[in-house]
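Summary of structural features
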Protein chains: 2
Amino acid sequence: MSLEDARLRDAADPLRAYRQRFHLPDGVIYLDGNSLGALPRATLARLEQVMRAEWGERLIRSWNDTGPNDDGAKDDGANDTGWIRYPQRVGAKIAALVGAAPDEVIACDTVSVNLFKLIGAALAMQPGRKVILSEPGNFPTDLYMIAGLEKQGLAQRRLAAPDAIEAALDGEVALLMLTHVHYKSGRMHDMVRLTQAAQDAGALVLWDLSHSGGALPVDLDGCNADFAVGCGYKYLNGGPGAPAYAFVAARHHAALSQPLTGWMGHAQPFAFSDDYRPAPGVDRLLAGTPGILGLAALEVGVDLIAEIGIDRLAQKSRQLSEFFRACVTDRAPDLELVSPRDPLARGSQLSFRHDEAYAICQALIARGIIGDFRDPDILRFGFAPAYVSFEDAFMAAENLAHIIATREWDAPRFKARSAVT
Amino acid sequence: MSLEDARLRDAADPLRAYRQRFHLPDGVIYLDGNSLGALPRATLARLEQVMRAEWGERLIRSWNDTGPNDDGAKDDGANDTGWIRYPQRVGAKIAALVGAAPDEVIACDTVSVNLFKLIGAALAMQPGRKVILSEPGNFPTDLYMIAGLEKQGLAQRRLAAPDAIEAALDGEVALLMLTHVHYKSGRMHDMVRLTQAAQDAGALVLWDLSHSGGALPVDLDGCNADFAVGCGYKYLNGGPGAPAYAFVAARHHAALSQPLTGWMGHAQPFAFSDDYRPAPGVDRLLAGTPGILGLAALEVGVDLIAEIGIDRLAQKSRQLSEFFRACVTDRAPDLELVSPRDPLARGSQLSFRHDEAYAICQALIARGIIGDFRDPDILRFGFAPAYVSFEDAFMAAENLAHIIATREWDAPRFKARSAVT
């Protein structure tokens, strides 16, 4: 595994040209797209258009406009390309990336807020059952969003280790809520098997796709999922704090009832009636006024991922992470791999354990290589296949091995922890 | 009241120069800043900076950066000017506009979602009381957000007309929730008197400042308010669907408990522990990852309003709406004013009733005058004092009177309602 190997792979990479569609800083190797995706170049022009033409020129009329325009003529409101249907429009595009029908996904709010809505919806559909089953060490916000409902007396949290989940599915479980790909280890759950097991026990299933949607094949309808949420700012490259998305299987649309009953989820928001009447389907997941700047940036990211295609992205993801693993195994054989060895059993990332993970991560950053540290001892490298090259992976492995071999990490400036990491 | 009068007033207007700080379309008179505020010119450059330098160049490091920079050198995370404290930073700036202490306000999510958090917080502080008291015809989302909690069995809605609110404050009322300035009529509630009355009855008080914050004096601490929410995209000019804000009086910070317990409201989000432990004060109102593009745009709008100053804005608002009222009274004496005649008893808007309000609004739009129609028969004109001129007000009144006198509105193209208005 040499630099020449890496370059040959890059030369043969069918996705190579897409790297130019992103703005990537000079002198940086970015292996943290699973935390914040890179900036698509097209986002700059699109946001300028939204600000200047849609907000600045068309002002309030853009809610109903027939699309970006500044000719002052179009304002018929008769279609759904104005801002008012932006959550549905972006949702439909995301749906195509996660195996859902266009009307099953909506883009809005945050993963956390969408979790609350869907946990609430599941509880409302499961009278007599209050248990939300998840696993210890799941991404914190997934576990925390149960806490608020627990305090209200509406839910009860139960955690079971991955190999004990099926045994924990009893008649009290209203909802099984898991993250498809684990944020820290990259381990991937079997969505088909676990969904089936939960439904056999009378539970509903909510999948958090934050670490898989946009990088790996996901088939929500194919595995008969009930609910899902996912993140807009990781593999979808929607920008910092981009709107998230929520999925509800079509078979639940009629009965869907969620607690955040805001005006944008009303059947007729502009009738301004005193009483809430839910909009059809996933539209009723909307609460407040959608953030248009965020949705516009998210749409650009989603369009780009859709153009590249999930299958090609997944294939390159596996090749990249396998190449990196081989390079690290060669050069730093003692570094403990935490992620599954089988690329089909993990997400688009590799994690390693080291007592000095924090300092190593800082030493890498000082060399322009941005990975991620996760408390207490995990080094995490994400391989966003849309823009990471094999040369990136090679150079990161080389530098990582060098930092470990020379104990370069063993310096006060790398070991001093900042308040927020 | 002539065009010359209007121009003399503009010439003498101390805020006149601020109009140039906004991008306003040619040929348009915009009297709908109470629905969507205009674009501050500085927003374009700031958003480009956020995208290009902070997201594009600094990537994940911007969460902890010491501010906008692209020199690759700063990454100490030791202060609070990175993205991670953006909700608090913008919240503190908004606090100064609504009579609150800097640590009492946070900018995040939407008005609807913040209402849910604070209604939930109020209920948690009021064991044995479940009634949320509001008024019929309040802005819909305020009423709707009670519905979700009602369905969960946690709240009970009670509505009382404005003159019956104090009589409806009994020992069952957990929270009085009102909008300071009514979205449709512009009528302003007496925050001091109603807050006192509610607290005398053992209730807490939540004020929705969506139609007053940023245009009129509000003194949350001065009136001893418990909670408040407000909108970022109206008088604060934060852009379509901008983040909203939430206020909690400092005396409630220690006991504050809200149901949307997400990771960003955790005391140590990056410790990734399984159990929720709330961050101090209003920080615990955060749920998911804050939307940075939206916050950045909001900050520009807030900075501009703060620079102009609420007192000057309020003074001009009253002069503008009085001038418009006089012009309309002269020219269309039969048009029924719905807003209070006393400018100190209303917000920065004037509303009129007319059976053909919808068609009149469309006819005005065709003439480049953008006001607002509100079901079923209200014509609403907002006077955002930061950028509306007396000439704008004069020309709007002239055209309004002309459209009514000539029945210009009586044409199929103005009467046909679009699906969304």
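Values in this document were obtained by computation on a predicted structure and should not be read as measured data.

Reading the values: the criteria
Numbers given for residues are sequential positions, taken from 1 along each chain in its written order. The lettering of chains begins at A and the numbering of ligands begins at 1, in the order of writing. Residues qualify for local features only when their pLDDT is at least 70, as the model is predicted, and side-chain atom pairs are given and counted only at 80 or more; totals for whole chains, interfaces and linings, by contrast, use all residues. Hydrogens and water are ignored here; the side-chain numbers use all heavy atoms of the structure. Each helix is a run of H or I in the DSSP string that is no shorter than four residues. Each strand is a run of E no shorter than two, and both are numbered from the N terminus. Whether two residues are in contact is decided by their heavy atoms: any pair within 4.5 Å suffices. By convention, the term buried area covers the 1.4 Å-probe accessible surface removed from two parts as they join, with the contributions of both added. Salt-bridge detection follows one rule: a side-chain nitrogen of Lys or Arg within 4 Å of a carboxyl oxygen of Asp or Glu. Polar contacts here mean pairs of N or O atoms no more than 3.5 Å apart (in protein, one a potential hydrogen donor and the other a potential acceptor; neighbouring residues in sequence count only if both atoms are side-chain atoms). UniProt positions are given in the numbering used here, feature names are shortened, and annotations may be inferred rather than shown by experiment. A 1.4 Å probe rolled over the protein chains alone gives each residue an accessible area, and that area as a share of the maximum for its type sets the label: buried under 20%, exposed over 50%, partly exposed in between. Axis definition: a line fit to C-alpha positions, over the contact stretch in the case of helices; interaxial angles, taken between N-to-C directions, run 0 to 180 degrees. Relative orientations are named as follows: roughly parallel for angles under 35 degrees, roughly antiparallel for angles over 145 degrees, roughly perpendicular for angles from 65 to 115 degrees, and oblique for any other angle. By convention, the crossing between two helices is left-handed when the near helix turns anticlockwise from the far helix through less than a right angle, and right-handed when the turn is clockwise. Residues were grouped as follows: Ala, Val, Leu, Ile, Met, Phe, Trp, Tyr, Cys and Pro as nonpolar; Asp, Glu, Lys and Arg as charged; and all remaining residues, including Gly, as polar. Under the pairing criterion, centres of Phe, Tyr and Trp rings, with the six-membered ring standing for Trp, must be within 6.5 Å; the plane angle then separates stacked pairs below 30 degrees from edge-to-face pairs above 60, leaving the rest tilted. Think of a 1 Å grid over the protein atoms and nothing else: a 1.4 Å probe that fits but is trapped marks a cavity, an open set flanked by protein within 12 Å on at least five of seven lines marks a pocket, and residues with an atom within 4 Å of a point count as lining. A pair of strands counts as paired when DSSP detects no fewer than two bridges linking them. A domain assignment, automatic or from a database, supplies the domain bounds used here.

With respect to the environment of Ala121 of chain A
- Within the secondary structure layout, Ala121 of chain A lies in helix H4 (residues 111-125).
- Excluding residues within four positions of it along the chain, Ala121 of chain A makes contact with Phe227, Leu256, Ser257, Gln258 and Pro259 of chain A.

Things to note about the interface of chain A and chain B
- Facing the 88 residues of chain A at the interface are 88 residues of chain B.
- Surface buried jointly by chain A and chain B totals about 7,500 Å² across both partners, of which 67% is contributed by carbon and sulfur atoms.
- It is Trp55, Tyr144 and Phe272 of chain A in chain A that bury the most area against chain B; as a group they hold 11% of the surface buried on that side.
- Across the contact surface, chain A and chain B share 2 salt bridges.
- Across the pair Arg157 of chain A and Asp275 of chain B runs a salt bridge, and its minimum N-O distance is 2.6 Å.
- Run the count over chain A and chain B and you get 28 residue pairs in polar contact (both at pLDDT 80 or more).
- Taken together, the elements giving at least two residues each to the side of chain A that touches chain B come down to strand S3 (39-40), helix H2 (41-57), H4, helix H5 (140-151), strand S6 (156-159) and helix H7 (292-308) of chain A.

A closer look at the UniProt feature "modified residue: N6-(pyridoxal phosphate)lysine" (unreviewed entry) in chain A
Residue and element names in this part refer to chain A.
- Per the UniProt annotation, the sites labelled "modified residue: N6-(pyridoxal phosphate)lysine" (unreviewed entry) are Lys234.
- In this fold, Lys234 is placed in the loop between strand S9 (227-230) and strand S10 (244-248).
- Assessed through its relative accessible area of 8%, Lys234 is described here as buried.
- Beyond its immediate stretch of four places on either side in the chain, Lys234 contacts Gly33, Asn34, Ser35, Gly37, Ser210 and His211.
- Side-chain polar atoms of Lys234 contact the backbone oxygen of Asn34, separated by 3.2 Å.

What about the packing of helix H4 (residues 111-125) of chain B against helix H5 (residues 140-151) of chain B?
All names here are of chain B.
- Interaxial distance between H4 and H5 falls to 9 Å at its minimum, and their mutual angle equals 50°. With respect to H5, the axis of H4 lies oblique. As for how H4 packs across H5, the hand of that crossing is right-handed. On H5, the residues touching Val111, Ser112, Leu115, Phe116, Ile119 and Gly120 of H4 are Thr141, Asp142, Met145, Ile146 and Leu149.
- Of the residues that constitute the contact of H4 with H5, the class distribution is 7 nonpolar, 3 polar and 1 charged.

Topic: the packing of aromatic side chains
- The full count for this structure, using the stated rule, is 33 aromatic pairs over all chains.
- Here Phe139 of chain A and Phe272 of chain B contribute two aromatic rings whose centre-to-centre distance is 6.0 Å and whose plane-to-plane angle is 65°, an arrangement assigned as edge-to-face. Pair noted here: Phe139 of chain A is in the loop between strand S5 (131-134) and H5 and Phe272 of chain B is in the loop between strand S10 (244-248) and helix H7 (292-308), and the two residues belong to different chains.
- Through a chain of ring-to-ring contacts, the aromatic side chains of Phe139 and Tyr183 of chain A together with Trp263, Phe270 and Phe272 of chain B assemble into a single cluster.

Observations regarding the UniProt feature "binding site: pyridoxal 5'-phosphate" (unreviewed entry) in chain A
Residue and element names in this part refer to chain A.
- In this structure's numbering, the residues bearing the UniProt feature "binding site: pyridoxal 5'-phosphate" (unreviewed entry) are Ser112, Phe139, Pro140, Thr141, Asp142, Thr179, Asp208, His211, Tyr233, Trp263 and Thr289. These residues run over 178 residues, and the two farthest C-alpha atoms among them are 30.6 Å apart, placing them at more than one spot. Cross-referencing the annotated residues with the largest cavity identifies Thr289 as lining it.
- Looking at the secondary structure, you find Asp142 in helix H5.
- A relative accessible area of 0% places Asp142 in the buried class.
- The residues touching Asp142, leaving out its near neighbours within four places in the chain, are Leu115, Met177, Thr179 and Asp208.
- Tracing the backbone shows Tyr233 in the loop between S9 and S10.

Some words on the sheet that holds strand S8 (residues 204-208) of chain B
Residue and element names in this part refer to chain B.
- The strand order across the open sheet built from 7 strands is S4-S10-S9-S8-S7-S5-S6, with neighbouring strands paired in mixed fashion. In this open sheet, the two edge strands, each paired with only one partner strand, are strand S4 (105-108) and strand S6 (156-159). Between one strand and the next, the sheet's axes are offset by a mean angle of 20°, whatever the strand orientation.
- On the sheet, H4 packs against S4, strand S5 (131-134), strand S7 (173-179), S8, strand S9 (227-230) and S10 and is oriented at approximately 175° with respect to S9.

A closer look at the domain arrangement of chain A
Residue and element names in this part refer to chain A.
- Here chain A is partitioned into domain 1 (3-30 + 310-415) and domain 2 (53-308).
- For domain 1 versus domain 2, the distance between C-alpha centres works out to 30 Å.
- Between domain 1 and domain 2 lies a buried interface of about 2,000 Å² when both sides are counted; carbon and sulfur atoms form 60% of it.
- Taken together, domain 1 and domain 2 are joined by 1 salt bridge.
- Taking the shortest distance from any N to any O, the salt bridge between Arg21 and Glu307 comes out at 2.8 Å.
- At the junction of domain 1 with domain 2, the criterion picks out 11 residue pairs in polar contact (both at pLDDT 80 or more).
- Those elements that provide at least two residues to the side of domain 1 that touches domain 2 are helix H8 (310-331), strand S12 (349-353) and strand S15 (378-382).
- A per-element tally of the side of domain 1 that touches domain 2 places H8 first, with 7 residues.
- Residue composition of the side of domain 1 that touches domain 2, by class: 15 nonpolar, 6 polar and 8 charged.

Things to note about the environment of Gln315 of chain A
All names here are of chain A.
- Looking at where Gln315 falls in the secondary structure, it is placed in helix H8.
- Gln315 sits in the partly exposed class, given a relative accessible area of 47%.
- For the pair formed by Gln315 and Pro343, sequence separation is 28 residues and the distance between their alpha carbons is 9.9 Å.

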